[in-house]
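One-letter residues, chain by chain:
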Amino acid sequence: MTEPRDPRRVPRPARRGGQPQNRTGRPPAARRPAQRPGAPRPAARRPGPARPGSGPQALRLGSPRPRLRLVSLGLTLIMLVFVVRLFQVQAVDAGAFAARANENRYVPVKLAAERGDLTDRNGVALATSVDAYDITADPSLLAPAKTKIPDAPQRAAALLAPILHVDKAALTEKLDRPGSRYELLARQQAPQVWKRIKDLRKTLDARAAAAPKSAPRPDVLVGIFADKHSKRVYPNKDLASGVLGFVNSLGKGGGGLEARLDKQLAGKDGKLVYAQSGGRRVPTAATQEHPAVPGADMELTLDRDIQWAAQQAITEQVAKSGADRGYVVVQDTRTGEILALANAPAFDPNDIAGAAPEALGNAALSDAFEPGSTSKLMSMAAVLEEGVATPSTRVTVPNRLHRGDRLFADDVDHETWHLTLNGVLAKSSNIGTILAAGQLGRTQPEANRVLYSYLRKFGIGRPTGLDFPGETDGILAQPQAWNTSQQYTIPFGQGLSLNAVQAASVYSTIANGGERIAPTLVRGSTGPDGRFAPAPKPARTRVVSQKTARTLATMLESVVDDEEGTGAKAKIDGYRVGGKTGTSNRVDPKTGRYHGYTASFAGFAPADKPRITVYCAVQNPTKGSYFGGQVCGPIYQQVMAFALKTLQVPPTGAKPPRLPVTFRPGQ
């Protein structure tokens, strides 16, 4: 049975036009009461909270303007910060940032000036320079952040250690400093060493090119560089080492003429600035270069061959005599130029680290010693110049002489000698010299003052004029300070001290006719322009007259030629030779007391037309004889003969005069 349909649920047809209708069938507007003109409009009903079961309500959006203002303000502040920072970088701190950028981008490299050569008088190189490299590093380029390799410094040290012959741990310590821009790894390496490093770097670059881009770069030598400069080389090893000196690890003169002439030899370093990227030079970038100015070549007065002969002779004699040391000086009597200045023992300037400390320096100039009988020449010069005696003046020499609180003796015991003044010099009598020098004044203090004045004119107690590093002036007290012993020992060479060059200069003064010429070691220099500039002329001082000098030269011949002379071992066939032996008590530099002897010989040749002076001294001979004539006479003869031949000095051919050595009482 069909249930009857509720008529209220029967759908009604929609109104034409699509307008919804209410239950009355009229549009909703028709149910609103009409609003009178001018009547107030009813307030809009605010939407209240939705009641359960009620229909959806329309949402009303908030205004976006506050948010936009806040975002705009934030962006403005950010832009302001960027503008302020940009202004600071571009205007305020532009110079500082540019400098910092240049510091990182541009690499300054010192262009070391080539050090000038030291040559002998004939242009033979005694000290020269060759190319060398200081191996350096920029550890900041090896930082793991840049290389992407955590152990880059360790790997680089492992590769470099066998090439540089440096401890691996020491290299690692230097390379593992990320904040450092410069570290010196090795000095003065040969060009072959730097070539090995470059070849190794090329190998690493080839590996890097073959490796994937994402793989770490295997080139751990990216921060390794080389500073090119000069390395000092001494071709003749220890020859003239005491004169030449050496160059230290910083490339500066550390001794001898290398130090004395360092300013002229060093020149002026240049500078190269280039752009780099990743530790490599950018070839297309601009560079700034200030070329280095090379140092001047210095020509010395030394003759290499004569220097060699002198050094060989003194080295052999020091070894044979068991002596502490010895020196030989060869001087041109006409110019004052030193032709040889040899020391034994010597050292090799190429290997300073291996040199014995006592061998360093130039003992011929730094040792102050008592000369002994070679100094008697100055006493005789004063006696002759003052006119208180002549070579034939008779001097009676007892076996002992009492003066002050001492008894003085000669080297050998003897009966009373009847000698001429020439004989006093020939037989090297201490007593005879005391008696002769005592005639220089009416009183002993006056005689002391006169003798002192001549010693000073001969250069004793004064600089030689060489201005050599470590040179001693010697010791010569004022005459009023001479004690009772000194006023009698100084005339025969004890109680004063000098160096070997001063002693040689005394004999060169007599050989040069009584005029002292200051010794010199430098003849001149050749600058970068190739022009030779001679050295300043040495100072000249008249000490004694030419007549006195000629007389003394003849007296010195008696020492060598006369049968009773003490210098017979210094004879040279065909030449007239004048010389004097010396044997003195030696002050031990360690204890300050007399211990041992100083054996010496000084002279010149040809005696009648002098050209060359040779002086030899041996300190503390302990084997064989310690007398100057026996120890140094042969050295004098050997070196003098060689020098005469080398310089092609012919004999004069004149026969020497025979001055009397003794006299007979009553005649």
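Because the structure is predicted, anything quoted here is derived from the model rather than measured.

### With respect to the overall build of the chain
1) Next: In terms of helices and strands, the chain carries 20 helices and 24 strands.
2) Next: Put simply, the chain has 667 residues, and 46% of those count as buried.
3) Next: For the chain, long-range pairs separated by at least 24 residues make up 72% of all intrachain contacts whose partners lie at least 6 apart in sequence.
4) Next: About 35,900 Å² of surface is accessible on the chain, with carbon and sulfur atoms providing 53% of the total.

### Some points on the sheet that holds strand 24 (residues 612-619)
1) Next: Spatially, the five strands line up as an open sheet ordered 13-12-24-23-22, and their pairing is antiparallel. Strand pairing shows two members of the sheet lacking a second neighbour, strand 13 (338-344) and strand 22 (578-587), which therefore form its edges. Taken pair by pair, the neighbouring strands of this sheet meet at an average axis angle of 10°, ignoring direction.
2) Next: Across six bridges, the pairing between strand 12 (residues 325-332) and strand 13 is antiparallel. Each residue of the ladder has a partner; that of Val-329, found in strand 13, is Leu-341.
3) Next: The sheet contacts of helix 10 (residues 304-321) involve strand 12, strand 13 and strand 24, and relative to strand 13 the element is tilted by about 25°.
4) Next: Set on the sheet, helix 20 (residues 633-646) makes contact with strand 12, strand 22, strand 23 (594-605) and strand 24; between it and strand 23 the angle comes to about 30°.

### Quick look at the packing of aromatic side chains
1) Next: Per the stated rule, a full pass over the model turns up eight aromatic pairs.
2) Next: Taken together, a centroid distance of 6.4 Å and an interplanar angle of 75° make the contact between Phe-408 and Phe-492 edge-to-face. Taken together, the positions of Phe-408 in strand 16 (residues 406-409) and Phe-492 in the loop between helix 16 (486-489) and helix 17 (500-511) put the pair 84 residues apart, joining distant regions of the chain. You'll find Phe-408 and Phe-492 in the same group, each marked buried.

### A look at the pattern of salt bridges
1) Next: For the coordinates displayed, the defined rule picks out 23 salt bridges.
2) Next: Where Glu-337 meets Arg-121, a salt bridge forms, and the shortest distance between an N and an O atom there is 3.0 Å. With Glu-337 in the loop between strand 12 and strand 13 and Arg-121 in the loop between strand 2 (118-119) and strand 3 (125-137), this residue pair connects regions lying 216 residues apart in the sequence. Like Glu-337, the residue Arg-121 is buried in the burial classification.
3) Next: One salt bridge connects Arg-260 with Asp-467, and the closest N-O pair in it is separated by 3.9 Å. Residue Arg-260 is located in helix 8 (residues 256-260), and its partner Asp-467 is located in the loop between helix 15 (444-457) and helix 16; the two are separated by 207 residues in the primary sequence.
4) Next: The class for Arg-260 is partly exposed, based on a relative accessible area of 32%.
5) Next: One continuous salt-bridge network, built from bridges that share partners, spans Arg-115, Arg-232, Glu-258 and Asp-262.

### A look at the UniProt feature "transmembrane region" (unreviewed entry) in the chain
1) Next: Here, UniProt's "transmembrane region" (unreviewed entry) annotation points to residues 68-87.
2) Next: Split by type, residues 68-87 is 100% helix and 0% strand. Its first and last C-alpha atoms lie 28 Å apart.

### Description of the side chain of Ser-140
1) Next: Turning to its location among the elements, Ser-140 is positioned in the loop between strand 3 and helix 3 (144-147).
2) Next: Only 2.6 Å separates the side chain of Ser-140 from the side chain of Asp-138, close enough to count as a polar contact.
3) Next: Leave out the neighbours within four places in its chain, and Ser-140 touches Lys-146, Arg-177, Pro-178, Ser-180 and Arg-181.

### Quick word on the packing of helix 12 (residues 376-385) against helix 15
1) Next: In the contact formed by helix 12 and helix 15, the axes pass within 9 Å of each other and the chain directions differ by 115°. Of the two possible hands of crossing, helix 12 and helix 15 adopt the one that is right-handed. Counting all contacts with helix 12, which are made through Met-378, Ser-379, Ala-382 and Glu-385, the residues of helix 15 involved are Leu-451, Tyr-454 and Leu-455.
2) Next: Of the residues assigned to the contact of helix 12 with helix 15, the class counts are five nonpolar, one polar and one charged.

### Concerning helix 1 (residues 65-92)
1) Next: The end-to-end C-alpha distance of helix 1, which contains 28 residues, comes to 38 Å, matching closely the 40 Å that a straight helix rising 1.5 Å per residue would cover.
2) Next: For helix 1, a buried count of zero out of 28 residues is recorded, marking the element as mostly open to its surroundings.

### Section: the side chain of Asn-422
1) Next: Here Asn-422 is to be found in helix 13 (residues 421-426).
2) Next: Separated by 3.2 Å, the side chains of Asn-422 and Ser-558 make a polar contact.
3) Next: Within polar-contact distance, the side chain of Asn-422 engages the backbone oxygen of Leu-659 at 3.5 Å.
4) Next: In contact with Asn-422, other than residues within four places in its own chain, are Pro-391, Met-555, Ser-558, Leu-659, Pro-660 and Val-661.

### Topic: unusual backbone geometry
1) Next: That bond from Ala-344 to Pro-345 is cis: its omega, 5°, falls within 30 degrees of zero.
2) Next: Counting through the fold element by element, Pro-345 comes out in the loop between strand 13 and helix 11 (363-366).
3) Next: Of note, the bond from Ala-605 into Pro-606 is cis; its omega dihedral lies within 30 degrees of zero at -20°.
4) Next: Note that Pro-606 resides in the loop between strand 23 and strand 24.
5) Next: Positive phi is not limited to glycine here, since Gln-188 has a value of about 50°.
6) Next: Tracing the backbone through its elements, the reader meets Gln-188 in strand 4 (residues 183-189).
7) Next: Although it is not a glycine, Asn-620 sits at a positive phi angle of roughly 60°.
8) Next: Note on placement: Asn-620 falls in the loop between strand 24 and helix 19 (628-631).

Rules used in this analysis
- Residues numbered from 1 in each chain as written.
- Predicted model: local features only at pLDDT ≥ 70, side-chain atom pairs only at ≥ 80, totals over all residues.
- Heavy atoms only, no water.
- Helix = DSSP H or I, 4+ residues; strand = E, 2+ residues; numbered from the N terminus.
- Buried < 20%, exposed > 50% of the residue type's maximum accessible area, 1.4 Å probe, protein only.
- Contact = heavy atoms within 4.5 Å.
- Areas by Shrake-Rupley, 256 points an atom, 1.4 Å probe, with all protein chains shown as cover.
- Pairing = 2+ DSSP bridges.
- Axes fitted to C-alpha atoms, helices over the stretch in contact; angles between N-to-C directions.
- Phe/Tyr/Trp six-rings, centres within 6.5 Å; stacked < 30°, edge-to-face > 60°.
- Salt bridge = Lys/Arg side-chain N within 4 Å of Asp/Glu carboxyl O.
- UniProt positions renumbered as here; feature names shortened; annotations may be inferred.
- Polar contact = N/O pair within 3.5 Å; in protein donor to acceptor, adjacent residues only side chain to side chain.
- Left-handed = near helix turned anticlockwise from the far one by under 90°.
- Nonpolar A, V, L, I, M, F, W, Y, C, P; charged D, E, K, R; others polar.
- Expected span 1.5 Å × (residues − 1).

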